[in-house]
Amino acid sequence: MSRIIRAAAIQISPVLGDDGLGTARKVCQAIRDAAGKGVKLAVFPETFVPYYPYFSFIQPAFRFGGEHLELYERAVVIPGPVTDMVAEAARDTGMVVVLGVNERDFGTLYNTQIIFDATGDILLKRRKITPTYHERMVWGQGDGAGLKVVESAAGRIGALACWEHYNPLARYALMTQHEEIHCAQFPGSLVGQIFADQMEVTIRHHALESGCFVVNATGWLTEEQIREVARDPALEGPLRGGCFTAIVSPEGKLLGAPLTEGEGMVIADLDFALITKRKRMMDSVGHYARPELLSLLHDRRPARTVRYPDADARLFSSDDEVTQ
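About the thresholds
Residues numbered from 1 in each chain as written. Predicted model: local features only at pLDDT ≥ 70, side-chain atom pairs only at ≥ 80, totals over all residues. Heavy atoms only, no water. Salt bridge = Lys/Arg side-chain N within 4 Å of Asp/Glu carboxyl O. Helix = DSSP H or I, 4+ residues; strand = E, 2+ residues; numbered from the N terminus. Buried < 20%, exposed > 50% of the residue type's maximum accessible area, 1.4 Å probe, protein only. Pairing = 2+ DSSP bridges. Axes fitted to C-alpha atoms, helices over the stretch in contact; angles between N-to-C directions. Contact = heavy atoms within 4.5 Å. Phe/Tyr/Trp six-rings, centres within 6.5 Å; stacked < 30°, edge-to-face > 60°. Lys NZ or Arg CZ within 6 Å of the ring centre and 35° of its normal.

Visitor: An account of the pattern of salt bridges is requested, with residue identities and associated values reported.
Guide: Counted under the stated rule, the structure contains 21 salt bridges. With a shortest N-O distance of 3.4 Å, Asp-92 and Arg-32 are connected by a salt bridge. One end of the pair, Asp-92, is in helix H4 (residues 81-93); the other, Arg-32, is in helix H1 (residues 21-35), and 60 residues separate them in sequence. Under the relative-accessibility criterion, Arg-32 is labelled partly exposed at 36%. With a shortest N-O distance of 2.5 Å, Arg-290 and Glu-292 are connected by a salt bridge.

Below, the structure is given as structure tokens:
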């Protein structure tokens, strides 16, 4: 008998200008709203808490120092008040939640994806391996330890953020771990229609190639927020469009109409029988692979600035740190 899980891709706007907890409260309310619709997996946009650093896309680096420092003050510490709030909402509703945050780790910010299980436990905290273009002035780099698929109450889940989907080896690293649901996150309200068009191609292709479901969430800025972030009418244009919140089947089919503007949820029932149906024809990491010709080297060791061999010999001896 096939499993069926109801999932929601949530398009939502952040709360700007508060202490950073307003957006987290909005996330928790959306989780409870989704639970009322029978949802068991909810995916939120990229670095949604407290907000995506839109300022870095429209301003030169020497001008946005103050806004960067504000983001530091409002960023998420893991564990901390934000993760406690979301964990409680996940536990109360029995829902798996995938949330993008700006994580502060002492002096560095990271683009971080957190997967909460239905128990409220954090199953995965991963950092975007290469921030894109303007983002490199805002966030540090992640490592291969985060390229991991986790077992959750909703199934085997993997996650990537935005243009990480243009790194085929990062996607393949998750595919080799047999992800059943891929959770994708993009900022939304950025670049324009071309960004939404590219996003659709990207997530539909990954669904086909991986033979999994893709649940993709993008953020949304209201007109008032666009004016607040831009501070100059000439800079407002790049903060519109670029939204494509959608759910895709393993056969590359859109499950319901995508959401391209405004707040809302795209909800679909994921029938896991479709995964087998797709992989019977083409399994990229199974009968369709040619590992004697092409293979992936994946270094899963966490990046560390200091190592203590005597205190942690495992760092140098674990069999599963580097997989090929």
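Visitor: Any chance you could break down the sheet that holds strand S2 (residues 41-43) for me, citing the residues and the numbers?
Guide: Taken together, six strands build an open sheet; the order of strands is S5-S4-S3-S2-S1-S11 and the sheet is mixed. Of all strands in the sheet, those bounded by a partner on one side alone are strand S5 (122-127) and strand S11 (264-271). Adjacent strand axes in the sheet meet at a mean angle of 25°, parallel and antiparallel pairs treated alike. Taken together, the three bridges between S2 and strand S3 (residues 96-105) define a ladder with parallel strand orientation. Of the residues in S3, the one forming a bridge with Ala-42 is Val-97. Across the sheet, helix H3 (residues 65-74) touches S3 and strand S4 (108-116), and the angle it forms with S4 is around 40°.

Visitor: How would you sum up helix H5 (residues 168-175)? Please name residues and give values.
Guide: Within H5 the residues assigned to the buried category are Ala-170, Arg-171, Ala-173, Leu-174 and Met-175. Against strand S7 (155-161), strand S8 (181-186), helix H6 (193-210) and strand S12 (298-299) lie the buried residues of H5.

Visitor: Got a sec to walk through the packing of aromatic side chains? Specific residues and values, please.
Guide: Here a ring pair, both rings aromatic, is described through the centre-centre distance and the interplanar angle of the planes. All told, the structure shown has six aromatic pairs when counted by the stated rule. Judged by centre distance (5.9 Å) and plane angle (70°), the ring pair of Tyr-52 and Trp-139 falls under edge-to-face. Of this pair, Tyr-52 sits in the loop between S2 and helix H2 (55-58) while Trp-139 sits in the loop between S5 and strand S6 (150-152), and the two are 87 residues apart along the sequence. Members of the aromatic cluster, joined through ring pairs, are Tyr-52, Tyr-54 and Trp-139. Directly above the ring of Phe-272 sits Arg-3, whose terminal nitrogen or CZ lies 4.0 Å from the centroid. We note Arg-127 situated over the ring of Tyr-110; from NZ or CZ to the ring centre the distance is 3.7 Å.

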